[in-house]
Amino acid sequence: MSISRRRFLGWMGAAGMGVTLGRSARAAGPKTFPGYPESVGVLFDSTLCIGCRRCEAACNKVNHLPPPERPFDDLTVLEEPRRTRWDSYMVINKYYPNGRENPPAYGRMGCNHCKEPACASACFVRAFAKEPTGAVTYDETVCVGCRYCMIACPFEIPTYEYHKVLAPRISKCTLCQPRLLKGLLPGCVEACPTEALTFGKREDLIRSAHQRFRMHPGRYMEHIYGEHEMGGTNWLYLSGVPFAEIGKREDLGTRAAPEFTAGALAAVPLVVGLWPVLLTGIYAISRRKEKMADEERTAAVADAVAKTQAASDEKLSAAMEKAKKEKESAVEGAVKKALEEAEKARKAEMAEAEKTETPEAGAGEKAGKDSEEGA
Amino acid sequence: MSSEHATAHKPVMSPFTIVAGIVLILGALVTVLRFTGGLAATTNLSDYNPWGLWIGFDLLVGVALAAGGFVTSAAVYIFGMKRYHSAVRPAILTGFLGYALVVFALHYDVGQPWRLPYPFIVQSGTTSLLFEVGACVALYLTVLFIEFTPAPLEWLGFKRVRNLVVKLTMLLTILGVILSTLHQSSLGALFLIAPSKLHPLWYSGYLPVFFFVSAIIAGLSMVIFEGGLAHKYFHDKMDETHLREKEDVAFGFAKAAAWVLAGYFSIKVIGVAVDNNWSYLATGYGAWFLVELLGFVALPCFLYAVAVRDHNMSLVKYTAGWTVLGIVVNRLNVSLVAFNWHLPSSERYFPHWMEIVISLFIVTIGVLVFRFIVTRMPIMHEHPDYHGEH
Amino acid sequence: MEYHFNTLHDFMVYTKGVVYILILAILIGFVAFWSFLNGRDPDRKPE
Ligand code: SF4
Ligand code: SF4
Ligand code: SF4
């Protein structure tokens, strides 16, 4: 804790609150986060607000913001709905929940100092911090100006200095953290003439609110806006009319902002841990398939080559065999024939020679021709 | 610019050159105004609408449409679809240019661009999804750059370095898929923190999954779409393989896109069911949601399927363009149209014309750089020294 | 290590910080282990 106990007691006295010394019981679960136990906040009681804009003036002064276009005592400003801007950390708006003829109600728009700030969860340079005091502070020395905090904040609080060229900053209520550290009250609380703003420990403020419900039955909506909204806020609101009528959204739910992103963030390491395994697995399978296909292909080709080789070999040898046989048989035939004929011729010759002596030359000629063809 | 090279056979001032010239001049003027007058001088951003066109279009659409790089390299190198190999280089190049331009565009949008590296060197907001997006985009840009380098290295003739980089292909591809999965989904997850601002029909716990799956669709469609355009304008830069595989790539990717679109359609419907948002369908926003779901998801899914069955190349191309448009519509819906839907119309955002000029300016730069590179480096054809190698 | 966290936000800043460091280690570890696993693969193509 950056603040001393003494200072802390000082605020309590200044706020006119009883100081509870007993330490608050802390939820013991390992994954529940009760928030900073001693953190402070402000209770805005709409039923006490008279719309005097003195808090706005004080806020402007203590934060050294530029003077407004129209002075703070000009209450006609309230007729127009306004929002926080780079030069106003908070605004009071006037509403007519029961028609213009009935008395108006006032609402405050300003940072609620969430227990689990959406802005802090969203900032990628951790420019926001939830301080032990309860304040959500902003560090302009690291801010990049991405404005994601503005997207994230469910209360649409952070604003941006769009008009600045060199070092535009986010601006929002600081819960007067610098003053808190000095033991001073927030400027707006100090200036409030009607105790519509009460400063104190958040727990005490809640207790005080319940006390008001008991003491003034029928006056309040019996709901502390900010006790549970978006995980709870350090600014709390009481109202005599439905909160939606004084500019507070009632559909925000009670889940704290970091819970919405926890799932997506948790998936990140899973992807990193499992994707490489999965992807290389797929890669290995496709490689393996490819290799098998390759092998099959080469095998098939080799096989085909071998087969054709074998087939042609066979054919060739068969042809050669045949040729050889043919040749052999032809030679044989020719020789045989020649021999036979020669034999015949000799016999005939002998017979002729015995009788007459004519066809000797013709027979010899014919035998020679036959053997030539066979070869 | 490279007009003398690419349009040597055309008249000196083609309509494209004229339009591009005007956009570049206007863009330069607005750039000066942006960095001398601040965001207020050039944008319609407000305290209610901190993100405008430069995030919705330049970042969200830009990153989604640059998904072709990881989709194609994953298909070819991890899933082993070698026949799509000629599509890898153009896809990596567009991916790289896309991401480089996204980062370039961010310098316009953030308040103090010189602090963009702060999340990594000064103080890290680890709980932020934007931190996750930033880290992945920065890393992935580096990965894409390395994946892209073989082309310029071949062009310049640095063989040794080029061969070293090619050896890293598998590693880079896997890293690229991991990083893409993470940041594509995280871009959707950016909006998880604002359930009270985004219309229930678009807000869903599944947002990260929706963004990731639709990024795959965007990647596939962009490859087909660009392939069609490139075929028209850079025909002479394509080699045999490229021309031969192009049809194959288009039909293969169209089939994949049809199938992924079917999955996307299913989970979108489931998204409505798990949050019981049926009753919103009867409202004005519901009608617009149905236009997106039926007109830009179901319709292209069906058209792709028909085109693949009929082997209808021109239908494939038109469907790809339509699907890309659908992704643009979706991203703008999430970031602008359905965002802040609870606000009165007087507080709603509509881009300033200068914002539109900057977005066009950046797209134009992308096209011109793409043309410069494609007409010089071996992107759509193989470098003769490395024939049939990679 | 005994840390006491008062808010979920502080808890997440811390745990996610650790997770991001682990992610880096995991990525490097995978590359190292993959090459160890395939170091003696006979049919390993140079990648
Ligand atoms: S109200 Fe908004 S700005 Fe203030 S702490 Fe909560 S989230 Fe942050
Ligand atoms: S604008 Fe500044 S404070 Fe807000 S999220 Fe971005 S870096 Fe953080
Ligand atoms: S707490 Fe301080 S900064 Fe916040 S509204 Fe009050 S005076 Fe302004």
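Before any of the text, the structure's been laid out above.
Now for a look at the structure at hand. What you are looking at is a predicted structure, and each value in this text was computed from that prediction instead of being measured. (Residues numbered from 1 in each chain as written. Chains lettered and ligands numbered in written order. Predicted model: local features only at pLDDT ≥ 70, side-chain atom pairs only at ≥ 80, totals over all residues. Heavy atoms only, no water.)

A look at the pairing of strand β1 (residues 40-45) of chain A
Residue and element names in this part refer to chain A. Here is the rule we go by: The cut-offs for exposure are 20% and 50% of the maximum accessible area for each residue type, with area from a 1.4 Å probe on protein chains only; residues under the lower value are buried, those over the upper are exposed, and the others partly exposed. Strands are runs of DSSP state E lasting at least 2 residues, helices are runs of H or I lasting at least 4, and numbering of each runs from the N terminus. Pairing between strands is defined by DSSP: at least two bridges between the two strands are required.
Burial analysis of β1 places 6 of its 6 residues in the buried class, which makes it a mostly covered element. The side-chain alternation of β1 yields two buried faces, one formed by Val40, Val42 and Phe44 and the other by Gly41, Leu43 and Asp45. Sheet topology note: the β1/strand β8 (residues 197-201) ladder contains 5 bridges and is antiparallel. Looking across to β8, one finds that Val42 is bridged to Phe199.

So, helix α1 (residues 8-37) of chain C
Here is the rule: The span you would expect from a helix comes to 1.5 Å times its residue count less one.
Taking 1.5 Å of rise per residue, the 30 residues of α1 of chain C would be expected to cover 44 Å, and the 40 Å separating its terminal C-alpha atoms lies within 8% of that figure. For α1 of chain C, the full list of buried residues reads Leu8, His9, Phe11, Met12, Val13, Lys16, Gly17, Tyr20 and Ile23 of chain C.

Digging into the packing of aromatic side chains
Let me state the cut-off plainly: Each Phe, Tyr or Trp ring, with Trp reduced to its six-membered ring, pairs with another whose centre is within 6.5 Å; inter-plane angles below 30 degrees give stacked pairs, above 60 give edge-to-face pairs, and intermediate values give tilted ones.
Per the counting criterion, the structure on display carries 32 aromatic pairs over all chains. On the numbers, 6.0 Å between centres and 85° between planes, the contact of Trp51 of chain B with Phe191 of chain B is edge-to-face. Taken as a pair, Trp51 of chain B in the loop between α3 (39-42) and α4 (53-65) and Phe191 of chain B in the loop between α11 (169-189) and α12 (207-233) lie far apart in primary sequence, 140 residues in all. Owing to a relative accessible area of 5%, Trp51 of chain B belongs among the buried residues under this scheme. Phe191 of chain B gets classed as buried once you look at its relative accessible area, which sits at 0%. Here the aromatic residues Phe44, Tyr225, Trp235, Tyr237 and Phe243 of chain A are joined through ring pairs into a cluster of three or more.

What about the pattern of salt bridges?
Side-chain pairs of opposite charge can arise whenever the charged atoms involved come near each other. Let me state the cut-off plainly: Here, a salt bridge means any Lys or Arg side-chain nitrogen found within 4 Å of an Asp or Glu carboxyl oxygen.
Under the counting rule described, the total for this entry stands at 23 salt bridges over all chains. For Arg207 of chain A, the salt bridge identified is with Asp204 of chain A, shortest N-O distance 3.0 Å. Of this pair, Arg207 of chain A and Asp204 of chain A both sit in helix α7 (residues 202-215), separated by 3 residues, roughly a single helical turn. Arg207 of chain A sits in the partly exposed class, given a relative accessible area of 47%. Overall, Asp204 of chain A belongs to the buried group, its relative accessible area being 6%. One salt bridge connects Glu292 of chain B with Lys268 of chain B, and the closest N-O pair in it is separated by 3.7 Å. With a gap of 24 residues between them, Glu292 of chain B in helix α14 (residues 284-310) and Lys268 of chain B in helix α13 (residues 240-274) connect regions that are remote in the sequence. Given a relative accessible area of 2%, Glu292 of chain B falls into the buried group. Using a relative accessible area of 4% as the deciding quantity, one classes Lys268 of chain B as buried. Residues joined by salt bridges that share partners form a network here, namely Glu140, Glu161, Lys164 and Arg169 of chain A.

Some remarks on unusual backbone geometry
Residues and elements named next belong to chain A. Phi is positive for Glu156, which is not a glycine, with a value near 55°. As for its position among the elements, Glu156 is in the loop between α4 (148-152) and β6 (159-160). Judged by its relative accessible area of 11%, Glu156 is buried. Although it is not a glycine, Leu175 adopts a positive phi angle of roughly 60°. Residue placement: Leu175 occurs in the loop between β7 (170-171) and α5 (177-181). According to the relative accessible area criterion, Leu175 is buried, its value standing at 2%.

Side note on the interface of chain A and chain C
Interfaces are often described in size by the accessible area the parts lose on coming together. The criterion, for reference: It only takes one pair of heavy atoms within 4.5 Å for two residues to be counted as in contact. Defined here as a combined quantity, buried area equals the accessible surface (1.4 Å probe) lost by two parts on assembly, summed across both. Counting of polar contacts relies on pairs of N or O atoms within 3.5 Å, with two restrictions inside protein: one atom must be capable of donating a hydrogen and the other of accepting it, and residues adjacent in sequence are counted only when both atoms are side-chain atoms. Under this grouping Gly is polar, as are all residues other than the nonpolar Ala, Val, Leu, Ile, Met, Phe, Trp, Tyr, Cys and Pro and the charged Asp, Glu, Lys and Arg.
In this complex, chain A contributes 29 residues to the contact, which on the side of chain C involves 21 residues. The junction of chain A with chain C conceals about 2,100 Å² of combined surface from both sides, 71% of it contributed by carbon and sulfur atoms. Summed over the shared surface of chain A and chain C, the number is 0 salt bridges. Along the contact surface separating chain A from chain C lie 5 residue pairs in polar contact (both at pLDDT 80 or more). A per-element tally of the side of chain A that touches chain C places helix α8 (residues 257-354) of chain A first, with 16 residues. A breakdown of the residues in the side of chain A that touches chain C according to their chemical character gives 15 nonpolar, 5 polar and 9 charged.

Some remarks on the site of ligand 3
To keep it simple, the criterion reads: We call a residue near a molecule or strand as soon as one heavy atom of that residue lies within 4 Å of the molecule or strand.
Around ligand 3, the neighbouring residues are Cys59, Asn63, Tyr89, Met90, Arg108, Cys173, Thr174, Leu175, Cys176, Pro186, Gly187 and Cys188 of chain A. Here the shell around ligand 3 is built from residues that sort into 8 nonpolar, 3 polar and 1 charged.

Structural notes on the sheet that holds strand β9 (residues 235-238) of chain A
All names here are of chain A. Condition: In this description, a line fitted to the C-alpha atoms serves as the axis of each element, helices being fitted only across the stretch in contact, and the angle between N-to-C directions of two axes falls anywhere from 0 to 180 degrees.
One open sheet holds the 3 strands; their spatial order is β8-β1-β9, and the pairing between them is mixed. Of all the strands in the sheet, just β8 and β9 have a single pairing partner and so form its edges. Each neighbouring strand pair of the sheet contributes to a mean axis angle of 25°, computed without reference to strand direction.

Examining the interface of chain A and chain B
Contact residues are listed per partner, giving 56 residues for chain A and 58 residues for chain B. Summed over both sides, the interface of chain A with chain B buries roughly 4,900 Å², with 63% coming from carbon and sulfur. When the area that chain A buries against chain B is broken down by residue, the three leading residues are Phe124, Ile151 and Tyr162 of chain A, summing to 16%. Applying the counting criterion to the chain A and chain B interface returns 2 salt bridges. The salt bridge involving Glu290 of chain A is made with Lys82 of chain B; its shortest N-O contact spans 3.1 Å. One can count 31 residue pairs in polar contact (both at pLDDT 80 or more) joining chain A with chain B. At 16 residues, α8 of chain A tops the list of elements feeding residues into the side of chain A that touches chain B. A class-by-class count of the residues in the side of chain A that touches chain B yields 38 nonpolar, 9 polar and 9 charged.

Some words on the site of ligand 1
Taken together, 13 residues are adjacent to ligand 1, and Cys111, Asn112, Cys114, Cys119 and Cys153 of chain A come closest. When grouped by side-chain class, the residues that make up the shell around ligand 1 number 10 nonpolar, 2 polar and 1 charged.

Description of the packing of helix α5 (residues 68-78) of chain B against helix α6 (residues 88-109) of chain B
Residue and element names in this part refer to chain B. What counts here: Any angle between 65 and 115 degrees counts as roughly perpendicular, while under 35 counts as roughly parallel, over 145 as roughly antiparallel, and the rest as oblique. Definitions for this section: a left-handed crossing has its near helix turned counterclockwise from the far helix by less than a right angle. A right-handed crossing has that turn clockwise.
Two elements in contact, α5 and α6, have axes separated by 7 Å at closest approach and are oriented at 150°. When the interaxial angle is binned, α5 and α6 end up roughly antiparallel. For the element pair α5 and α6, the recorded crossing hand is left-handed. Together, Gly68, Gly69, Thr72, Ser73, Val76 and Tyr77 of α5 and Val88, Ala91 and Ile92 of α6 make up the contact between the two elements. For the contact of α5 with α6, a count of residues per class yields 5 nonpolar, 4 polar and no charged.

Some thoughts on a nonpolar patch on the surface
Residues and elements named next belong to chain B. Going by this rule: Patches here are clusters of residues that have more than 30% relative accessible area and form no salt bridge, with a 9 Å joining cutoff for like charges and a 5 Å cutoff for nonpolar side chains (Val, Leu, Ile, Met, Phe, Trp, Tyr). The Shrake-Rupley method, run with a 1.4 Å probe, gives the accessible areas here. Residue values count only the displayed protein chains as cover.
A grouping of Met13, Ile18, Ile22, Ile25, Leu26, Leu29 and Trp353 is seen on the molecular surface, where their side chains present a nonpolar patch of about 740 Å² in accessible area. Here the element with the most residues in the nonpolar patch is helix α2 (residues 15-37); it accounts for 5 residues. Looking at where Trp353 falls in the secondary structure, it is placed in helix α16 (residues 353-374).

Some details on the environment of Leu8 of chain C
Here Leu8 of chain C lies in helix α1. Overall, the relative accessible area of 15% leaves Leu8 of chain C in the buried class. Other than its neighbours up to four places away in sequence, Leu8 of chain C contacts Phe33, Glu116, Pro258 and Glu259 of chain A.

What to know about the side chain of Ser180 of chain B
For Ser180 of chain B, the position within the fold is in helix α11. When sequence neighbours within four positions are dropped, the list of residues in contact with Ser180 of chain B reads Phe70, Tyr140, Ser185 and Phe212 of chain B.

Describing the environment of Leu48 of chain A
Residue and element names in this part refer to chain A. Among the structural elements, Leu48 can be located in the loop between β1 and α2 (54-62). C-alpha separation for the pair Leu48 and Gly107, spaced 59 residues apart in sequence, amounts to 11 Å. In this structure Leu48 touches Thr194, Glu195, Ala196, Arg212 and Arg219, once residues within four positions along its chain are discounted.

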